[in-house]
Amino acid sequence: MIRQFSTLLPTGLLVILASTTPQADEREKVVEPKSGWRQHEMNRPRPPEVRPESTTVAIPPPRDAIILFDGNELGAWQTPEGRPAAWKVENGVLEVSPGAGPIQTRQSFGDIQLHVEWASPAPPVGKGQDRGNSGIFLMGRFELQVLDSYNARTYADGQAGAIYGQYPPLFNASRPPGEWQIYEIAFRHPRFDAKGNLEEPARITVIHNGILIQNNEEPWGQTNWLEAAPYEPGITQGPIQLQDHGHPVRFRNIWLRKLPTRSAPVASELRRPEIITLPDKYLASLEGEYQQGHGPSASKLTISREEGHLLVRLPFRPRPVRALPISRMVFVLPYTDAELTFQSSKEGVIDGVRMRVGDGDRTLRKIQ
Ligand code: MG
């Protein structure tokens, strides 16, 4: 994995790596940028700076959060090879131990809300990518850049808050080196079909020190140094990895919440009542205006008919909605858990309707 070692290598070695001709099948795995910009394009505009409020306090995790680092120990972390994580922990703070390599969570995660607090080395050392560089790899594959970008210039897609090599942050919300900064991250894992074809790319949203800097962006491949790598078919979970880029970047208060998947209806929940056909003459007897209450707060609806069903006009809705018959007195809305139940007098004349939408219902009298 070149990304973990790139800046640890002497420049000469990097040249050798770059000049090595890769295998043809390896080249085919490269994903082209979708932004129109070459990766790390120095001409790509850098985002405007915003100065977030200067006070940062550690935000306590919600009670149901999975605590990844609470200031005491690294039990939730290990090396990519599965050895105990060996970064420095002191005074409640986790610090990159340069040369120790990356650390990652023992657990794998998919959709998450992730909270990370970090601080660049102070006083600052180096420039560009060689200044307080670390990173948070979501699912172990998508790097959210950690860098000292306070009054410091580098390529836009590599500064603090960038989805590395792909999306610069919308704003530079960096705080000075030494000050604590907060990333609030929402991550949605990629979706694949049963054959492993990508259906939906991953999505990343980031708030940096209270400023939205990544707005539901979709990486076009796994972030990587120089070229993005393709999505790995069917992989929907991975560890959170913190990058060792050779700089003593500090972290504290790292926690996440796993996000549930929205449920789809099962077959029994998709069962719908059978729609019947009613004579047009009967439907005509349901037409008219219905009202509950009086004055400006009165509820009103107007019912007309159209090709075997009813049209219901409601205030505050620009278009009427269809109501389909499942019996002589009960009509349902096709896309809403809603029904109209008509009421009649002793003489059998339609004189009202009860309209239920979800858990709300009201009964309206026929006035016309
Ligand atoms: Mg980095």
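This one's a predicted model, so the numbers in the text were calculated from it and none came from an experiment. (Residues numbered from 1 in each chain as written. Predicted model: local features only at pLDDT ≥ 70, side-chain atom pairs only at ≥ 80, totals over all residues. Heavy atoms only, no water.)

Enquirer: A description of the overall build of the chain should follow, citing residues and the corresponding values.
Expert: Along its length, the chain carries five helices and 23 strands. The C-alpha atoms of the chain give 29 Å as radius of gyration, which overshoots the globular expectation for 368 residues (21 Å, by more than 25%). Taking the principal axes of the C-alpha coordinates as reference, the chain spans close to 95 × 50 × 40 Å. Burial analysis of the chain (368 residues in total) assigns 44% to the buried set. (Helix = DSSP H or I, 4+ residues; strand = E, 2+ residues; numbered from the N terminus. Rg over C-alpha atoms; globule rule 2.2 N^0.38 Å. Buried < 20%, exposed > 50% of the residue type's maximum accessible area, 1.4 Å probe, protein only.)

Enquirer: Can you explain the packing of aromatic side chains? Please cite residues and give values.
Expert: Throughout the structure, instances matching the rule amount to seven aromatic pairs. Measuring from ring centre to ring centre gives 5.6 Å for Phe142 and Tyr231, while their planes differ by 45°; the resulting arrangement is tilted. Of this pair, Phe142 sits in strand β8 (residues 142-146) while Tyr231 sits in the loop between β13 (211-217) and β14 (241-242); the two residues are 89 residues apart in sequence, bridging distant segments of the chain. Tyr231 matches Phe142 in its accessibility class, with the two residues each being buried. Centroid distance Tyr155 to Tyr164: 6.5 Å. Interplanar angle 55°. Geometry classified as tilted. The same class applies to Tyr155 as to Tyr164, namely buried. Through successive ring pairs, a cluster of aromatic residues spans Phe142, Phe187 and Tyr231. (Phe/Tyr/Trp six-rings, centres within 6.5 Å; stacked < 30°, edge-to-face > 60°.)

Enquirer: So what about the pairing of strand β9 (residues 181-188)? Which residues, and what values?
Expert: Two strands pair when backbone bridges link them, and strand β6 (residues 112-119) and β9 are joined in this way by seven bridges, in the antiparallel orientation. For Ile112, the partnering residue across the bridge sits in β9 and is Phe187. Two strands pair when backbone bridges link them, and β9 and strand β12 (residues 203-208) are joined in this way by six bridges, in the antiparallel orientation. Within β12, the residue paired with Tyr183 across the bridge is His208. (Pairing = 2+ DSSP bridges.)

Enquirer: Account for the pairing of strand β18 (residues 309-313), naming residues and giving values.
Expert: With four of five residues buried, β18 is to be regarded as a mostly interior element. Inspection of the sheet shows strand β17 (residues 299-306) paired to β18 by five bridges, in the antiparallel sense. By the bridge assignment, Thr302 is partnered in β18 with Arg313. From the end of β17 to the start of β18, which pair antiparallel, there are two residues, and Glu307 there has a positive phi angle of about 45°.

Enquirer: Tell me about the environment of Leu314, and name the residues and values.
Expert: Mapped onto the elements, Leu314 comes out in the loop between β18 and β19 (321-325). In this structure the C-alpha to C-alpha distance between Leu314 and Lys300, which are 14 residues apart in sequence, comes to 6.8 Å. When near neighbours in sequence (up to four residues on either side) are disregarded, Leu314 contacts Lys300, Leu301, Val321 and Met355. (Contact = heavy atoms within 4.5 Å.)

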